[in-house]
Each structure stands twice: as structure tokens, then as C-alpha cells.
Amino acid sequence: MNRQPELTTLCYIEKDNKYLMMHRVKKDKDINKDKYIGVGGHFEYGESPDECLLREVKEETGLTLLKYKARGVVTFIYGDAGRPEERIVEYMHLYTADEFEGELIDCDEGELEWIDKSAVFELPIWEGDKIFFRLLEEREDYFSLKLVYSETDELIETVIK
């Protein structure tokens, strides 16, 4: 089997030293079930990362981004290491945004909440997310982060460039 990597975007919208985050509580079969993540999703065929970002943010939040910045690319690898042909590879384009217009809508994927940046590490988030939150705060340059998870969702490898 020759699997293709998944292509996604994820954005952390910022306001008043808070991030807009989605508490993923509405779907039963959700790899992010009960976790807090940013907003974004999968590319549609032919979309650029920016086009995917703008569409997904609008669909999930009702907001139109006016100013945003590409911050990095995160490569996720997860699944059974003993069966590499069945592992999932995802390239996630990570953004932050600090200017937007519109009103928040209800999202069918989770509950949208403004979270103080200082409280993010106390939430149920992926171990690797803690690394890119740190990079978002410490670095201005574009970064590449590779996160490898085991089949039990344990972070087993990290590479930062």
C-alpha cells in the first residue's frame, strides 16, 4: 500500500494575550477527542496552504482573517512502528493570526474558547503541541518540527529545525 501524506493547516488566533482554541468534544471518532487544539483542517484538492487556512477558519469560527503569519511546518508520524506502511504521515502548516473580523459561530467539531496563553499548558493537549507552543512564543523565524508518536499516542521522537 502506498499511502499519501495528509496535508492540513492549524491556526492559533490571538486576542488580548489569549488563543482561540477548540475543545474537541462533539465527534465520537476523533483523534483529538477531548483535547484542545487550534482551528484548521485538511486541504481540498488544489488549495494552497493559505487558501486552506482562510477557508477552514471561516467554516469553523465564522471569522475572516485579515492578518496572519505562517510560523512553521509540523510533520506528524503516528501509528504502529512495526507496520510502517500503515503509519500516518501528516504535514501541518502552522499559523498565527492577530487581525480578524466577524462574529464567532457554533462549530460542529467542538466548543470554541478564548484561553489565556499562560493556561494553555494546563489543558488536555498533545505532548507535541507543548513544543510548538513554546516555539511560537520563543521564535519569530519559520521552523520545522517533526513529531513521532507511538501507536499508544506517546511522543517518541522530536526533531526541531
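In what follows, the accompanying structure is described. (Residues numbered from 1 in each chain as written. Predicted model: local features only at pLDDT ≥ 70, side-chain atom pairs only at ≥ 80, totals over all residues. Heavy atoms only, no water.)

### A short note on the pattern of salt bridges
- Inspection of the entire model under this criterion finds 13 salt bridges.
- Between R55 and E47 there is a salt bridge, with its nearest N and O atoms 2.7 Å apart.
- A residue is classified by how much of its surface remains accessible, and R55, at 17% relative accessible area, is buried.
- A relative accessible area of 17% means that E47 is categorised as buried. (Salt bridge = Lys/Arg side-chain N within 4 Å of Asp/Glu carboxyl O. Buried < 20%, exposed > 50% of the residue type's maximum accessible area, 1.4 Å probe, protein only.)

### Some thoughts on the nonpolar core
- Counting 26 residues, the largest nonpolar core has Y12, M21, L94 and F132 as the members making the most contacts within it.
- Elements supplying a minimum of two residues to this core: β1 (6–15), β2 (18–23), β3 (36–37), β5 (64–78), β6 (88–101), α2 (127–138) and β8 (143–149).
- If you tally residues by element for this core, the top one is α2, at five residues.
- If we ignore the near neighbours within four places in the chain, the residues touching M21 are Y12, Y36, I37, E111, L112, E113, I115, V120, L123, I125 and F133.
- Listed in part, the 13 residues of the second largest apolar core include C11, L63, Y95 and C107. (Core = buried A, V, L, I, M, F, W, Y, C linked by side-chain atoms within 4.5 Å. Helix = DSSP H or I, 4+ residues; strand = E, 2+ residues; numbered from the N terminus. Contact = heavy atoms within 4.5 Å.)

### A few points about unusual backbone geometry
- With phi around 50°, D16 is a residue other than glycine that occupies positive phi space.
- Its place among the elements puts D16 in the loop between β1 and β2.
- Located in the positive-phi region is D34, a residue other than glycine, with phi close to 70°.
- With respect to the element layout, D34 can be found in the loop between β2 and β3.

### Thoughts on α2
- For α2, spanning 12 residues, the distance from its first C-alpha to its last is 17 Å, which sits close to the expected 16 Å at 1.5 Å a residue.
- Within the span of α2, buried status applies to G128, D129, I131, F132, F133, L135 and L136. (Expected span 1.5 Å × (residues − 1).)

Function-wise, these values are silent; they only describe arrangement.
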